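Residues per chain are reported as follows:
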Amino acid sequence: MVKEPVRIVPLWRELQGQLYHKLQMGAQEVTEGSNIMLSDRPTIIFRKSSAPNFMPVICHYSGEAGHYFASFSRKSSKKGKVRVWVYNPEDETPMSEKEYAIEEDPKVLYISYVSHLHLFVTYCDDIHLRLFGDHTQECKMLSEVKSPYSVTSMCYNPETGEVVTGAIGIVAFWGFTPGKVPYLAVAREVQISSGEFVHYLSLEQERKVLVALCENIIRVYDYHTKTQTRAFQVSQGVSLTCCSSYWPQSFLFTGDLAGDIKVWNFDKGTQSTQFKAHQSAITTITTRHSFHTIMTTSLDGLLKEWNLTTCELLRRLDIGEQLFQMQFLNEQTFFLCTLYTFSIRTVHNFCQLFSRTKSILTKLLRVQCGPNKARILAATEDGVIRFLSPVTGEMLFVTWPFQVLEKALDYVYDPDREELLVTMGTNDIYVLDTTKNPCPVKHILRVTEGLDDRVLCLAYSRLDLEGRTCSFIFSGYKSGKVRTITQNLYRMGNRKLHDGKVVALSSISASGNLSYHSRESSYLCSYGQDQYIILSDVLLKKDNFLEVLPLVVIPSFNCRINNLLLIPGYICALTEHNRVRLWRQASLVPGQKNRFWKETGALHATTITSFDYCHTLSMLVTSGSDGTVRVWDILGQMLVEFDTSLKFSRVCFANQRGDLVVGCNMNIYFIPCVLYLPRDHLYMLMSRCVKDDMIERPLPFLPHFLLTFDIVFVPKYRQVGRLAKKYERLEPISNPKEVVMENNVATVLHFIGKEASALPGPDFYGAAPYIKEVQSEFFVKYQLLPQQGAKATLEKKTLPAELPPAPPPSRVLPPLVEPIPVLSRIPFQAGRTWPIAPDGYVPNSVIRAQLFPKGTPKALQCSLDLSRQPLPRRKMVKILLPETDEPEAVDKIRRKKPQRRRPSVAFSGFMRSRDLLSEIVSKPWLRHKPSDNSLPSVTKAILDLMDDVPYSTYLMCTAALVQLAESYPLPDKVQEDAFERLIQDTTHKEVRMRLAAWEALGKMDLLSEQEVVPLARALLDENKKVRDLARSLLDSVAGITDKFVLKKEMQRMADSSLIDLSSFGRDQSAFPRRVRAAGIMAETADEAKVALTEGAQKLMTRVENQLTANLFLMNEIPPKVVRDRRSTISRLRSPSRGTSVDFTTPETLPVGQARWLGIFGKPERRAAPAAAPFAPERGKYKSLPREGILKRCCWEESHSQAGHHPLGLSPA
């Protein structure tokens, strides 16, 4: 069932009732020299101090008279008292206070209110739980029970009727025994095995769970079954203090003693972000759903409000005392409890969340699309333009973030053709198709003949031509000309209006009034660099020819115009001095220079960033770069000013009623007209009948796969002067970004780590000789039947004996390859009509023939799939399969007749492998699909995706790599690439990434004894799981289980690598630019020598000082395992037939060079399957078995302790 959109803007009939109620309550009036100040800063309603005594804990609950606040105070005598405050904002005296004397004198530490029993549950310092009646029972004590443990937190669950307490290592659920006097009894105890303090309990009824903050662990319990469902731990050891949730986005916010806020994805159990909120411990976190913010209090005495999505600081309030409690009574009223005071405050929020953009706004504009249809255009810094519904705030569609659009100088929306036209200050106009989401570039329009004349501004206008209403887009040029670029039934030539650049264009329609049908609706106002404002009339001549006729010329010397509006009856201009100049059209004299105008004072002290006009109420709204927003009448008198701690960026009218939408950081907020309009304007609005804007459904977000290419080709047309639009060529557009949808919010992603796209060279449009096509891996051989006008036929060809390796997958279009031509080439000729596909993209075979005149690249070739349409008039001959290294049984089966084929086991395994590749390519998490389904291409696509991806995607990538390694014999190049990617991730900053990388290396069998140094580093990891896995891999790969052998192997690797490094420098003139050794970077041979000497020595020192003999950290208790020394020796034997490995074969130079690269780079693996798992140092121990090596190492250790190390190194 489709959910109905939620209206933010009320219906007109509902608004009329709100206007009537506001006028009855008494709306503010604006007199000359005064204005309305609308503030959202907190104000104090009530404040009570208990100084010099501390303020006791406050318990809030609701009753018949309003809001109640109860506190248990202590006196010097043996009797105590309960103080109750009642807050009712509708009474003349909103606050009242009453005291109740009690016989006991408890010191209450925690308190909860049980609504259905009208009583308080308190925990006191004498380890007793006491029940007190509320104000209806004069706060008398009803019963008490001794707690079996010291309570550290408490809450009440109204759904189950239980009181939940937290203690050291336990969470208890208490129930009420039935009877005249209620008693508490433990119904269920849930033990915490690790015995942490339960600092905070939060009841989340929407998810039916209980969240317990146990020091630095978050434990989640089902409060019906009383069982723990999940737990996730904070990486640092700081204890958590409080939490709050926002379930629409599955957010859980936690605060800790250090003043940090961590944002968790509750569904995934992962931490999304973390930021420093306060300088001291955070005491409370409150989520404000309607304003999309969170508020935090801390012991540093500050109250702060943050953006819920971006975690940006919106406002702060210094209370001056340590804050302990904060709770909202409604959307605008909350109470605070500090060290000495209790207060009730209000926050007069005049705005509510309208939409989220995930980027800073650069422009906000209402676009009128019809009598009762409009859209909000929001341009952002990430290079996209979002179109929003003015009623619901939902994003209707978004443009694709092409790199060229980031340089947009001006843009205009054509609602009739549903196109967005963008100019970058060149002679081209980019036309975007807004019927698709995201919006691609439909075509490019070249509108000038020379390169010097450029389009600088655009304007939309609806003209009434002979009783027919048509929409036109006018453009202003650098040469001072003005013309329309919309030429369907009507044509228009260039008309020079200014002696210089045309800076701005405006019309009645451009200012948002489409229903204005007067003589002025055909006016066009322009401002040029010659500092003249020209009011022109667009006339229709014979033969459907349009002409722009200048009517009035207005000089504007010594003052530059920043913004120009043509409104009914006036020409309104915003000057560079932030003043508004008005010219009344009735007083302007045609044919003369009109030098008289009315000018207002400065509207803002800083630069004005937004300037909009409301036709119904004749009001202007402006915003300054300092974050201020003000509303004016047409004569420049200020009506309303918004006093807020928020910094607004852009503003415009959401509709013709006067509702406002303002941008703040990465959000857009809505301000209803009822809250700020003066009394006269409210009456004016009630006398009008403003139609409701229609609600539009968002377009389905269906990004075309071609938009993921680094280069996108679109058709380019030429339209100069009166000439009709004519196709010119295909134009490449760079495309390094991608837009995705996250929780109905568009987010722009940058492709990090990708090489820059290379645009086609100068021979892109040149001629190419005709050569034949080379078929892809699987294809159908065919021959062309004779056709009229076609002479060339395709000859039969055989597949090569060995298929060339597939190119690596990339978003970049592959370079042109000489030996691969197209089937045929139709050259461009004068007067020839070239057929263009409707979308103008690459998959069309005709377009591909023009894009790649030298041949279709290999990466764009694909198999003849069954879903494709059959090629016309081609005779099928036979099917050829590629040559593969398969058994003879499979080859014999292929030669049999099709109806008699019986797939063998090897052939079915081969097909399953091919199915595995296709299955991986079809996965949605593989964002950039490879060009073909070959093993190198799929592996390269997975490895490219693993750079800077979320943990869930990373796990899918590693699982796919493991499946490929288990199904295929990986080539050496693929093994090296996979090893390079995974070994880098073993030093990732996140623990789970490091653990996943090590697991993948082990499962793919990419590790050898030469990875001793990275595994030794992993033994020192801060995470226990990583250390355990490294210990297991070190045992299985190199047979090392004690520290002594590990140090000797590390020293042997370092010494042999130094020797190989010197020989490498003699053999090759250039040192490899970048080598790696589990976190060590080296650009030169000298840096590599330092890493092999000082770096290796430091690592061995850490191993000696921090690891035990059996490779556990000093501070952790290893499991007691009884191991025979002979088991270690036997593990060093060859796994085949239990024989010892023969080390008598001397090593070759490449093997030695590869071994020293084992510390920095990765040698070739799996190249020699018979190689020994443990290679001794060259020149030493060549004829010794593994037992002899251990004895020799023991001898060296005894001599090294005596100061006679054989390598001349001091003992670690």
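Just so we're clear, the structure is a prediction, and the values are computed from it rather than from any experiment.

Peer 1: Quick question: what am I supposed to make of the overall build of the protein here?
Peer 2: Scanning the protein for helices and strands turns up 17 helices and 66 strands. Looking at the 1212 residues of the protein, the share that counts as buried comes to 52%. Contacts in the protein between residues far apart in sequence, at least 24 positions, make up 54% of those at least 6 positions apart. Just so you have it, the protein exposes about 57,400 Å², and 52% of that area is on carbon and sulfur atoms.

Peer 1: So what exactly am I meant to see when it comes to helix α11 (residues 1012-1019) here?
Peer 2: Residues that lie three or four places apart on an α-helix share one face, since the helix turns once every 3.6 residues. Along α11, 7 of the 8 residues are buried, which leaves the element largely enclosed by surrounding structure. Taken together, the buried positions of α11 are occupied by Val-1012, Val-1013, Pro-1014, Leu-1015, Ala-1016, Ala-1018 and Leu-1019.

Peer 1: Can you walk me through helix α10 (residues 991-1003) in this structure?
Peer 2: For α10, built from 13 residues, the straight-helix expectation of 18 Å at 1.5 Å per residue is met to within 8% by its first-to-last C-alpha distance of 18 Å. Every buried residue belonging to α10 is among Met-993, Arg-994, Leu-995, Ala-996, Ala-997, Trp-998, Ala-1000 and Leu-1001, and all of these are buried. Of the surrounding elements, those touching the buried residues of α10 are α8 (951-967), α9 (972-985), α11 and α12 (1024-1038). Of the residues flanking the end of α10, it is Asp-1005, one or two places downstream, whose phi is positive at about 60°.

Peer 1: What is the right way to look at the sheet that holds strand β9 (residues 128-133) in this model?
Peer 2: Picture the strands of a sheet paired through backbone hydrogen bonds; they go either parallel or antiparallel. Taken in spatial order, the 4 strands line up as β7-β8-β9-β10 in an open sheet, and their pairing is antiparallel. Of all the strands in the sheet, just β7 (108-114) and β10 (141-146) have a single pairing partner and so form its edges. Recorded for the sheet is a direction-independent mean angle of 20° between the axes of neighbouring strands. Across 5 bridges, the pairing between β9 and β10 is antiparallel. Bridge pairing links Arg-130 to Glu-144 in β10.

Peer 1: I keep staring at the pairing of strand β48 (residues 561-567) and nothing clicks. Help me out?
Peer 2: Of all 7 residues that make up β48, 5 are buried, and the element is covered over most of its length. By the bridge criterion, 6 bridges tie β48 to strand β49 (residues 570-575) in an arrangement that is antiparallel. Along β49, the bridge assignment pairs Leu-565 with Cys-572.

Peer 1: Help me understand the sheet that holds strand β56 (residues 648-653) in this model?
Peer 2: Read from one edge of the open sheet, 4 strands run β30-β58-β57-β56, paired in antiparallel fashion. Both edges of this open sheet fall to β30 (352-356) and β56, since each of them pairs with a single strand only. Strand after strand, the sheet turns through a mean of 30° between neighbouring axes, direction not considered.

Peer 1: Hey, could you run me through the nonpolar core in this one?
Peer 2: Side chains that are nonpolar tend, in soluble globular proteins, to be buried together. The biggest cluster of nonpolar side chains holds 62 residues, and the ones touching the most others in it are Ile-942, Leu-964, Trp-998, Met-1004 and Leu-1046. Leu-364, Ile-376, Val-661 and Phe-670 belong to the second largest nonpolar core, which has 44 residues in total.

Peer 1: Explanation requested: the pattern of salt bridges in the structure shown.
Peer 2: Think of it this way: side chains of opposite charge can pair up when their charged atoms draw near. Using the criterion set out here, one finds 47 salt bridges in the structure. For the salt bridge of Lys-1047 with Glu-1104, the shortest nitrogen-to-oxygen distance reads 2.9 Å. You can see Lys-1047 sitting in helix α13 (residues 1043-1067) and its partner Glu-1104 sitting in helix α14 (residues 1085-1106), a full 57 residues away along the chain. Linked through salt bridges whose partners overlap, the residues forming this network are Asp-40, Arg-288, Glu-305 and Arg-315.

Peer 1: Explanation requested: the packing of helix α7 (residues 935-945) against α8 in the structure shown.
Peer 2: Each pair of packed helices can be summarised by the angle the axes make with each other and by the distance between the axes. Interhelical geometry of α7 versus α8 gives an angle of 155° and a closest axis separation of 9 Å. Taken together, the axes of α7 and α8 are roughly antiparallel relative to one another. In this structure, α7 crosses over α8, and the sense of that crossing is left-handed. Together, Leu-935, Val-938, Thr-939, Ile-942, Leu-943 and Leu-945 of α7 and Thr-953, Cys-957, Ala-960, Leu-961 and Leu-964 of α8 make up the contact between the two elements.

Peer 1: What should I look at first to understand the pairing of strand β4 (residues 66-73) in this one?
Peer 2: As a general feature of sheets, a regular strand has side chains that alternate between the two faces. Burial runs high along β4: 8 of the 8 residues are buried. Relative to β4, strand β3 (residues 58-63) is paired through 6 bridges, and the arrangement is antiparallel. Residue pairing for β4: Ser-62 is matched across the bridge by His-67. Between the end of β3 and the start of β4, which pair antiparallel, lie 2 residues. Pairing analysis gives 7 bridges linking β4 to strand β5 (residues 80-87), with the strands arranged antiparallel. What sits directly across from Ser-73, in β5, is Lys-81.

Peer 1: How do you make sense of the packing of aromatic side chains when you look at a structure like this?
Peer 2: Between two aromatic rings, the relevant description is the distance of the centres plus the angle of the planes. One pass over the full model with this rule turns up 27 aromatic pairs. Plain terms: the ring middles of Phe-69 and Phe-335 are 5.3 Å apart, the flat faces sit at 70° to each other, and that makes the pair edge-to-face. Of this pair, Phe-69 sits in strand β4 while Phe-335 sits in strand β28 (residues 333-338), and the two are 266 residues apart along the sequence. Its relative accessible area of 0% is what places Phe-69 among the buried residues. Pairwise contacts between aromatic rings join Tyr-61, Tyr-68, Phe-72, Tyr-113, Phe-120 and Phe-132 into one cluster. A cation over a ring is seen here: Lys-226 above Phe-173, with NZ or CZ 5.2 Å from the ring centre. Across the ring face of Phe-1112, the terminal group of Arg-1031 is positioned such that the distance to the ring centre comes to 3.7 Å.

Peer 1: Teacher, can you tell me more about the side chain of Ser-143 here?
Peer 2: By the element assignment, Ser-143 lies in strand β10. When its relative accessible area of 6% is taken as the criterion, Ser-143 is described as buried. Ignoring sequence-local partners within four residues, the contact set of Ser-143 consists of Leu-129, Arg-130, Leu-131, Val-181, Pro-182 and Tyr-183.

Peer 1: Where do I start with unusual backbone geometry in this structure?
Peer 2: A negative phi angle characterises most non-glycine residues, just as the trans form characterises most peptide bonds. In this structure, Pro-52 follows Ala-51 across a cis peptide bond, with omega equal to 5°. The omega torsion of the bond from Asn-437 to Pro-438 falls at 5°, within 30 degrees of zero and hence cis. Inspection of the secondary structure assignment puts Pro-438 in the loop between β37 (428-433) and β38 (441-446). The phi dihedral of Ser-618 is positive, around 50°, even though this residue is not glycine. Note on placement: Ser-618 falls in the loop between β52 (608-614) and β53 (619-624).

Peer 1: Looking at this model, I keep getting lost on the environment of Ile-44. Mind explaining?
Peer 2: Following the sequence through the fold, Ile-44 ends up in strand β2 (residues 43-49). Taking relative accessible area as the criterion, Ile-44 reaches 47% and is therefore assigned partly exposed. Leave out the neighbours within four places in its chain, and Ile-44 touches Ile-344 and Arg-345.

Peer 1: Just to check I follow, could you spell out the packing of α10 against α12 for this structure?
Peer 2: Close contact between α10 and α12 brings their axes to 10 Å; oriented N to C, the two are set at 15°. The angle between α10 and α12 falls in the class roughly parallel. When the axes of α10 and α12 are compared, the crossing they make is left-handed. The residues of α12 that touch α10, namely those facing Val-991, Leu-995, Trp-998, Glu-999 and Gly-1002, are Lys-1025, Val-1026, Leu-1029 and Leu-1033. In terms of residue class, the contact of α10 with α12 is made up of 6 nonpolar, 1 polar and 2 charged.

The rules behind the values
Residues numbered from 1 in each chain as written. Predicted model: local features only at pLDDT ≥ 70, side-chain atom pairs only at ≥ 80, totals over all residues. Heavy atoms only, no water. Helix = DSSP H or I, 4+ residues; strand = E, 2+ residues; numbered from the N terminus. Buried < 20%, exposed > 50% of the residue type's maximum accessible area, 1.4 Å probe, protein only. Contact = heavy atoms within 4.5 Å. Areas by Shrake-Rupley, 256 points an atom, 1.4 Å probe, with all protein chains shown as cover. Expected span 1.5 Å × (residues − 1). Pairing = 2+ DSSP bridges. Axes fitted to C-alpha atoms, helices over the stretch in contact; angles between N-to-C directions. Core = buried A, V, L, I, M, F, W, Y, C linked by side-chain atoms within 4.5 Å. Salt bridge = Lys/Arg side-chain N within 4 Å of Asp/Glu carboxyl O. Parallel < 35°, antiparallel > 145°, perpendicular 65-115°, else oblique. Left-handed = near helix turned anticlockwise from the far one by under 90°. Phe/Tyr/Trp six-rings, centres within 6.5 Å; stacked < 30°, edge-to-face > 60°. Lys NZ or Arg CZ within 6 Å of the ring centre and 35° of its normal. Nonpolar A, V, L, I, M, F, W, Y, C, P; charged D, E, K, R; others polar.

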